[in-house]
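Commentary on secondary and tertiary structure
Here are the chains, one letter per residue:
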Number of protein chains: 2
Amino acid sequence: MEGRIERIKKQLHSASYKLTPQREATLRVLLENEEDHLSAEDVYLLVKEKSPEIGLATVYRTLELLNELNVVDKINFGDGVSRYDLRQEGATHFHHHLVCIECGAVDEIKEDLLEDVEEIVERDWKFKVKDHRLTFHGICYRCHESEDDKETKKKAD
Amino acid sequence: MEGRIERIKKQLHSASYKLTPQREATLRVLLENEEDHLSAEDVYLLVKEKSPEIGLATVYRTLELLNELNVVDKINFGDGVSRYDLRQEGATHFHHHLVCIECGAVDEIKEDLLEDVEEIVERDWKFKVKDHRLTFHGICYRCHESEDDKETKKKAD
DNA sequence: ATAGTTGCAAACCGTTTGCAATTTA
DNA sequence: TAAATTGCAAACGGTTTGCAACTAT
């Protein structure tokens, strides 16, 4: 993780930004919660645990900065809140999401899956794809199982 | 178009809502701008041209209602604004979008394109897909053309 | 030294809501 | 006529911004 922070530090510097303690603290929170999809407020509260002096505005500014540098992706699942998702190092494309309409869980798909579709889009629509956002809405395996259990019980009776 | 309004009216009634003049005016604006991706404010201004008494809150309430009834889809391209997109009659799935990062244009793809991907998601992630959101970010054919011109001029880089 | 950065509070802006008046089925 | 709907204005909530003090390089 230190290495990753070091590399992001270089990225900041090469764009003539500084790695302040606040920015580093924010980055660490993002790295420690890589699987989650935190809102700015979420990040703020987590950073505050270790750096209580930090201000919400700074978190917003840091997240915006990291978004510009493509370190994080800003995503929006339709509730009025932006969420911030760490990009995998070296990833050229954004990963996909599965949003469960039962329990609200958000799972990630890191495989590409869209290669063929992008090819079609580039060819048929003459659209040069730079990135994509793909989210499926449906029922996750966890909710699916409990649903199955109910069925099984019913049948057993 | 009258037929379509008639059908939506029935849909409203069957959920015990009324088709008020304001709602009808809003619907007409949506039908007349089917290809666009209007924000609530956009819709409001357009409705106002023909029904100047209408209030912004009513437009919001109507759009929310139509979203509930699956007549429109509420979408979000990452700017802080919700946009409302008329669903094709009988469509089970949401269509896709191409957002140009040069000029901001939003084009639509009505083909499904995701059948194979959904099959994989259902099989490998045990996720029952109900709907999806797919947006490509990149350069549209219009900007692509002018970009080509620049490249030719600039040459190296 | 100085350009960049911070925290605070106020401003912003899209959206929602309470309410009294009005309208629809 | 009763329940639904409207317009208005005020409230809301996430995000941005102006500014004086501060800090990393």
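Refer to the structure presented above.
To start, this report covers the structure provided alongside it. (Residues numbered from 1 in each chain as written. Chains lettered and ligands numbered in written order. Predicted model: local features only at pLDDT ≥ 70, side-chain atom pairs only at ≥ 80, totals over all residues. Heavy atoms only, no water.)

1. Quick word on the sheet that holds strand E2 (residues 72–76) of chain A
Residues and elements named next belong to chain A.
- The strand order across the open sheet built from 3 strands is E1-E3-E2, with neighbouring strands paired in antiparallel fashion. Each edge of the open sheet is held by one strand with a lone partner, namely strand E1 (38–39) and E2.
- In this fold helix H4 (residues 56–68) packs onto E2 and strand E3 (82–86), with an angle of close to 110 degrees to the strand it touches most, E2. (Pairing = 2+ DSSP bridges. Helix = DSSP H or I, 4+ residues; strand = E, 2+ residues; numbered from the N terminus. Contact = heavy atoms within 4.5 Å. Axes fitted to C-alpha atoms, helices over the stretch in contact; angles between N-to-C directions.)

2. As for the protein's contact with DNA strand C
- Near DNA strand C you find 23 residues, and of these Lys18(A), Thr20(A), Arg23(A), Thr58(A) and Tyr60(B) are the closest.
- In this structure, a phosphate oxygen belonging to DNA strand C sits 3.2 Å away from a main-chain N or O atom of Glu53(A).
- One of the side-chain nitrogen or oxygen atoms of Arg61(B) is found 3.5 Å away from a base oxygen of DNA strand C.
- If you list the elements that add at least two residues to the surface near DNA strand C, you get helix H2 (21–32) and H4 of chain A together with helix H4 (56–68) of chain B.
- The dominant element in the surface near DNA strand C, judged by the number of residues it contributes, is H4(B), at 4 residues.
- Here the surface near DNA strand C is built from residues that sort into 10 nonpolar, 7 polar and 6 charged. (Near = heavy atom within 4 Å. Polar contact = N/O pair within 3.5 Å; in protein donor to acceptor, adjacent residues only side chain to side chain. Nonpolar A, V, L, I, M, F, W, Y, C, P; charged D, E, K, R; others polar.)

3. What about the interface of chain B and chain A?
- Every contact between the two is made by 32 residues of chain B and, on the other side, 32 residues of chain A.
- One can count 0 salt bridges joining chain B with chain A.
- Scanning the region where chain B abuts chain A turns up 10 residue pairs in polar contact (both at pLDDT 80 or more).
- At the level of secondary structure, the elements contributing two or more residues to the side of chain B that touches chain A comprise strand E4 (96–100), strand E5 (106–109), helix H5 (115–124), strand E6 (128–139) and helix H6 (141–154) of chain B.
- In terms of residue count, the dominant contributor to the side of chain B that touches chain A is E6(B) (12 residues).
- Looking at side-chain class alone, the side of chain B that touches chain A contains 18 nonpolar, 6 polar and 8 charged residues. (Salt bridge = Lys/Arg side-chain N within 4 Å of Asp/Glu carboxyl O.)

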